[in-house]
Protein chains: 2
Amino acid sequence: MTMTDDLYPSRVGGGEQIIPRLDPVIHGPAPSGESPLDRDQLDCYEQNGYLVFPDLLPELVEPLQADIQRLRTELRGREELVREPQGDGLRTIFNPCRFSPQIDGLFRHPKVLPMVRQLLGSDVYLMQSRVNNKPAFRGRSFAWHSDFETWHVEDGMPRMRALTAWLMLNENSHYNGPLYVIPGSHKLYVSCRGRTGEDNYKSSLRQQTLGVPEPDTMREILREREIHAITGKPGTLVIHECNLLHGSPDNISGDPRQVVMCVYNSVENKPVAPYGAARPRPAFLSSRDYTPAAVA
Amino acid sequence: MTMTDDLYPSRVGGGEQIIPRLDPVIHGPAPSGESPLDRDQLDCYEQNGYLVFPDLLPELVEPLQADIQRLRTELRGREELVREPQGDGLRTIFNPCRFSPQIDGLFRHPKVLPMVRQLLGSDVYLMQSRVNNKPAFRGRSFAWHSDFETWHVEDGMPRMRALTAWLMLNENSHYNGPLYVIPGSHKLYVSCRGRTGEDNYKSSLRQQTLGVPEPDTMREILREREIHAITGKPGTLVIHECNLLHGSPDNISGDPRQVVMCVYNSVENKPVAPYGAARPRPAFLSSRDYTPAAVA
């Protein structure tokens, strides 16, 4: 790993500011007749920073749920299991692809991987996978953030050429703490205050405080943009760009909210030394296996 | 004040259970041609436990907002001002009617007071008033609760013959922590665990922990009922029954959510000694002035 110019400085000791995005949103060529995503879909992703595919993979919901139930027991005590900030409820399982052939199958699914390759314009590798679980009644919120900010500062991802594809495992409604996004926010980059402490991930995975834009910045971003809740039935797939601002409210409803997420990075965007941390996070958060993914 | 039979025991040392409501929902006679609420509205209130009047009093929004701004400064340091559980943001102003002729005017408004009298079937007095403020980005949630449970246990309100009328001072959307209700839940009473500590209100107004039904009870209630978010434009009036289960999620949006609430109790339902506390809460939370309200 070598250090390269920092195009997206954040948590480097200055004040918070909004700086321009220097990377394209779509890295692949114009679509052809055989492309999985057509012109309209690409335009939508370019403009909003995400795409929703209602009811795309309903047949995967039950097997994935069953396998996650198994992982909850089998992985007990390992650092891949992250609990809620208050209490003992399950918040996240990291790296489930390693432990579950079913989840690995989602990551390599013929309906998913070709779209990802098209958007990122290259072969891709699986940088991170996780199951996010927001328990009924007590699942706590996620603060506004751009994934890329963390991946850049803490993992050394140089450019914005990554995305997350995620599947709803139960209904995501307005009431059970759905993902809120700010369409169009992926075209800005918020350079945040603060400095990353050693092993920051150990607390930030429970409750993120660094890399969270301040209220004045959020107000400025929201002046000409709106919040949108991503809702849908189980089996709905969502793709969101690595720099899209998102967060989620807590879940005071009686329904848990569970999603499985796969983060893909372009093989042409391999991490270098972290831009704002002493050493990169563990491999279960940012894989060092850059093998190009193949369709299952 | 004399102690009377406790029809709705709660926080008396037993396990949590759901017990039946023994009081009618509508205490007034059948509507006549001159009644402010018609048969359909009464049926709706009886069945769901609340009524929404979109855009009923838009002309009050600006004067009330201005007066609340004044109160924020003038009441600084008094116990009527309650702050957020984390941080210093304003959460509630209690008893604003005492300090603001405009808010007192809402409470006595000719479009409001006659409906309240019709539902409660008697003269009424103002038991409590408050401004609820949920700041942008950091306004925290309210746990599920029935107001009546607290008023019964901590203030000695004997029967379910009270209600809250409240006005939206800005848009209440899905995103800024709107009031969630469970239609029909006012017909059940959840007798809660725990015992009320001395001066419980000093912490409960910031974050309520007693009188909050447990997840298993909430799951049972939600088995045949749904959560509904009450949304609307500024100037929308809502009336909700004293035993309706409600709560609200936190506000991670950029828009504050502000409402002003007036609690009316029937003059035939005056408090006795608290059913589960050593002494009643202060008058700013439960008035001892039972003068029947007159239309302004």
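Residues numbered from 1 in each chain as written. Chains lettered and ligands numbered in written order. Predicted model: local features only at pLDDT ≥ 70, side-chain atom pairs only at ≥ 80, totals over all residues. Heavy atoms only, no water.

To continue, consider the environment of aspartate 38 of chain B. Residues and elements named next belong to chain B. As for its placement among the helices and strands, aspartate 38 is situated in the loop between strand E1 (17-20) and helix H1 (39-48). Judged by its relative accessible area of 40%, aspartate 38 is partly exposed. Side-chain polar atoms of aspartate 38 contact the backbone nitrogen of aspartate 40, separated by 3.1 Å. Of the polar contacts made by the side chain of aspartate 38, one reaches the backbone nitrogen of glutamine 41; its length is 2.9 Å. (Helix = DSSP H or I, 4+ residues; strand = E, 2+ residues; numbered from the N terminus. Buried < 20%, exposed > 50% of the residue type's maximum accessible area, 1.4 Å probe, protein only. Polar contact = N/O pair within 3.5 Å; in protein donor to acceptor, adjacent residues only side chain to side chain.)

Of the transformation superimposing chain B on chain A, the axial component is 0.0 Å and the angular component is 180°, with the fit at an RMSD of 0.0 Å. This pairing of chains is accounted for by a two-fold axis. (Least-squares fit on C-alpha atoms with pLDDT ≥ 70 in both.)

Before going further, it helps to spend a moment on the side chain of glutamine 118 of chain B. Assignment of secondary structure puts glutamine 118 of chain B in helix H5 (residues 113-120). Setting aside residues up to four positions removed in sequence, glutamine 118 of chain B forms contacts with Gly28, Pro31, Ser35, Pro36, Leu37 and Leu42 of chain B. (Contact = heavy atoms within 4.5 Å.)

This part is about the interface of chain B and chain A. Residue-level contacts link 24 residues of chain B with 24 residues of chain A. The largest per-residue losses of area from chain B upon contact with chain A belong to Phe137, Tyr175 and Ile252 of chain B, which jointly make up 38% of the total buried on that side. Viewed at the interface, chain A and chain B are joined by 0 salt bridges. At the junction of chain B with chain A, the criterion picks out 9 residue pairs in polar contact (both at pLDDT 80 or more). Among the elements of the structure, strand E6 (142-145), helix H8 (215-223), strand E10 (228-230) and strand E12 (246-248) of chain B are those that each provide at least two residues to the side of chain B that touches chain A. Examining the composition of the side of chain B that touches chain A, we find that 4 residues originate from one element, H8 of chain B, more than from any other. (Buried area = accessible area lost by both parts, 1.4 Å probe. Salt bridge = Lys/Arg side-chain N within 4 Å of Asp/Glu carboxyl O.)

This next bit is on the sheet that holds strand E3 (residues 81-83) of chain A. Residue and element names in this part refer to chain A. Ordered by their spatial adjacency, 7 strands build an open sheet running E2-E11-E7-E13-E5-E4-E3, and the pairing between neighbours is antiparallel. The open sheet terminates on both sides in strands that have one partner only, identified here as strand E2 (50-53) and E3. Across the sheet, the axes of successive neighbouring strands diverge by a mean angle of 15°, strand direction being ignored. Taken strand by strand, helix H1 (residues 39-48) contacts E2, strand E7 (162-168) and strand E11 (237-241), and its axis lies near 130° from that of E2. (Pairing = 2+ DSSP bridges. Axes fitted to C-alpha atoms, helices over the stretch in contact; angles between N-to-C directions.)

Take unusual backbone geometry next. With a phi close to 55°, aspartate 55 of chain B is a non-glycine residue in the positive phi region. On the basis of relative accessibility, which here comes to 44%, the residue aspartate 55 of chain B falls in the partly exposed class.

Looking now at the sheet that holds strand E12 (residues 246-248) of chain A. Residue and element names in this part refer to chain A. Within the open sheet, the 4 strands sit side by side as E6-E12-E8-E10. Their pairing is antiparallel. Each edge of the sheet is formed by a strand with only one pairing partner; in this case those strands are strand E6 (142-145) and strand E10 (228-230). Neighbouring strand axes in the sheet, compared pairwise and without regard to direction, differ in orientation by 30° on average.

This brings us to the pattern of salt bridges. Residues and elements named next belong to chain A. Applying the stated criterion to the full structure yields 34 salt bridges over all chains. We note a salt bridge from aspartate 43 to arginine 39, for which the minimum N-O separation is 3.3 Å. Of this pair, aspartate 43 and arginine 39 are both found in helix H1, 4 residues apart, which corresponds to roughly one turn of the helix. Judged by its relative accessible area of 36%, aspartate 43 falls in the partly exposed class. Taking the relative accessible area as the measure of exposure, arginine 39 reaches 42% and is therefore partly exposed. Arginine 70 is the partner of glutamate 74 in a salt bridge, and the nearest nitrogen-oxygen pair spans 2.9 Å. You can see glutamate 74 and its partner arginine 70 sitting in helix H2 (residues 61-74), 4 residues apart, about one turn around the helix. With a relative accessible area of 52%, glutamate 74 lands in the exposed category.

Don't take any of this as a statement about function, it's just geometry.
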